[in-house]
Amino acid sequence: DALVPVTPTGCSCRAQPIPCFSPGRRASASRGSFRRARRALVAAFDLQIPLDEQYRTWGWHDAPLDFLQNFDLSLTSGDPPERVLLLPPAHLARYPLTPRTRQRLRRGQIRLVEVPWIEPPGISPSVAQRNLENHFGNREYIRLHAMNLDYDVVVYLDTDMRIVGDLNPIFEDGEEVFLSTGSEVAPLDGGFFAVKPSGPLFRAMLDVLRTVHYDRDTGWNRMGHGYSLAIGTAEGNYPAGPQGFLYHFFYMPDPAVDLALKRNGIMVRPKSAQ
């Protein structure tokens, strides 16, 4: 579709501001009332710091384990989602879960899913080089495993996010559209997305991460950095992490992304919205 210039909103596509998407516009009947959707609210933690202690980056953060309280689904209507925590295997965990923490997670009815890697195997050297200046290096990419889970739809949230309303519209729309939100200083906030997971999509993303070129000036495959409200098309916050990569993959018209999708059996690019 042609992009129509609009007043900057914080939402964008192809590095141009667009009107923001309103969740809930897609009727749940579109997937058929006879089918119960398997839903998951997903977080990820790399266990390079303790899950049950405060930590510091640019400031102090609550213990990630507080997501047990923050991920309150009492206001969420529709098919009840599971709460899932993605974790690395024991040999990659600097601070493995303690028995007490495992017990708290079990009492909180959290499904623990062990994933095989923290940093994507074979990640592009140019991406890895830029992430040397990131607090988390390449470890934030552990959240990509949410794309490979066996659910009809997942909503990913960082552990420091707090749910204050009904996520049902997000889950319903996420079955059909990759949903994200922009931020002041990044084209996409990597702490939230909704998506219909699939193995082919996951593998296509890894293919692109292995071959893509990142540059401070020209961005991803020389197509720029996307658009954010405060800094426009300049390099944003954590630009070579998931915030930059997910924007490039879902919102920029890169032929390399289309080729990776087709190699993995996806002939039509997934729809996306902010």
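Data block above holds the structure.
The structure contained in this document is the topic of the report that follows. Every value quoted in this text rests on a predicted model; they were computed, and no experiment measured them.

What follows covers the packing of helix α5 (residues 199-211) against helix α7 (residues 255-263). Relative orientation of the contacting elements α5 and α7 amounts to 135°, with a least axis distance of 8 Å. As summarised for this structure, α5 and α7 are arranged oblique, according to the angle between their axes. Between α5 and α7 lies a crossing of right-handed hand. Residue-level inspection shows Leu201, Ala204, Asp207 and Val208 of α5 in contact with α7, the latter providing Ala256, Val257, Ala260, Leu261 and Arg263.

By the secondary structure assignment, Asn131 is in the loop between α3 (125-130) and β8 (153-157). When its relative accessible area of 3% is taken as the criterion, Asn131 is described as buried. Taking the C-alpha atoms as reference, Asn131 lies 7.0 Å from Gly241; in sequence the two are 110 residues apart. Side chain to side chain, Asn131 and Asn138 meet in a polar contact 2.8 Å long.

Okay, the packing of aromatic side chains next. Remark: the centre distance and the inter-plane angle together describe each pair of aromatic rings, the angle taken between the planes. In the structure shown here, the tally under the stated rule is 13 aromatic pairs. Pairing Tyr214 with Trp220 gives two aromatic rings, centres 5.1 Å apart and planes at 70°, and the pair type is edge-to-face. A residue is classified by how much of its surface remains accessible, and Tyr214, at 4% relative accessible area, is buried. Seen in terms of ring centroids, Phe249 and Phe250 are 5.0 Å apart; in terms of plane orientation they differ by 70°. Their pairing is edge-to-face.

Our next topic: the pairing of β8. Of all 5 residues in β8, 5 are buried; the element is thus mostly enclosed. Going residue by residue along β8, you find Val153, Val155 and Leu157 tucked away on one face and Val154 and Tyr156 tucked away on the opposite face as well. Both strand β3 (residues 39-44) and β8 contribute to a ladder of 4 bridges, which runs parallel. Pairing of Ala40 across the sheet is with Val154, part of β8.

The rules behind each value
- Note that residues are indexed from 1 along each chain, following the sequence as it is written.
- pLDDT decides what is reported in this predicted model: residues at 70 or higher carry local features, side-chain atom pairs at 80 or more are listed and counted, and totals for whole chains, interfaces and linings draw on all residues regardless.
- Water and hydrogen atoms play no part in the side-chain values, which are based on all heavy atoms of the structure.
- Note on method: axes are straight lines fitted to C-alpha atoms, helices fitted across the in-contact stretch only, with angles between N-to-C directions ranging 0 to 180 degrees.
- In this description a helix means any DSSP run of H or I spanning at least four residues, a strand means any run of E spanning at least two, and both kinds are numbered starting from the N terminus.
- Relative orientations are named as follows: roughly parallel for angles under 35 degrees, roughly antiparallel for angles over 145 degrees, roughly perpendicular for angles from 65 to 115 degrees, and oblique for any other angle.
- In this scheme, a crossing is called left-handed if the near helix is turned counterclockwise away from the far one by less than a right angle; it is called right-handed if the turn is clockwise.
- Residue contacts follow a heavy-atom distance rule, with two residues in contact if any of their heavy atoms lie within 4.5 Å.
- Summary of the burial criterion: residues with accessible area below 20% of their type's maximum are buried, those above 50% are exposed, and those between are partly exposed, where the area comes from a 1.4 Å probe applied to protein chains only.
- We call two N or O atoms a polar contact when they sit within 3.5 Å, provided that within protein one can donate a hydrogen and the other can accept it, with sequence-adjacent residues counted only if both atoms are side-chain atoms.
- Any two of the Phe, Tyr and Trp rings considered here, Trp counted by its six-membered ring, make a pair once their centres fall within 6.5 Å; the pair's planes then place it as stacked at under 30 degrees, edge-to-face at over 60, or tilted in between.
- Whether two strands pair comes down to DSSP finding at least two bridges between them.

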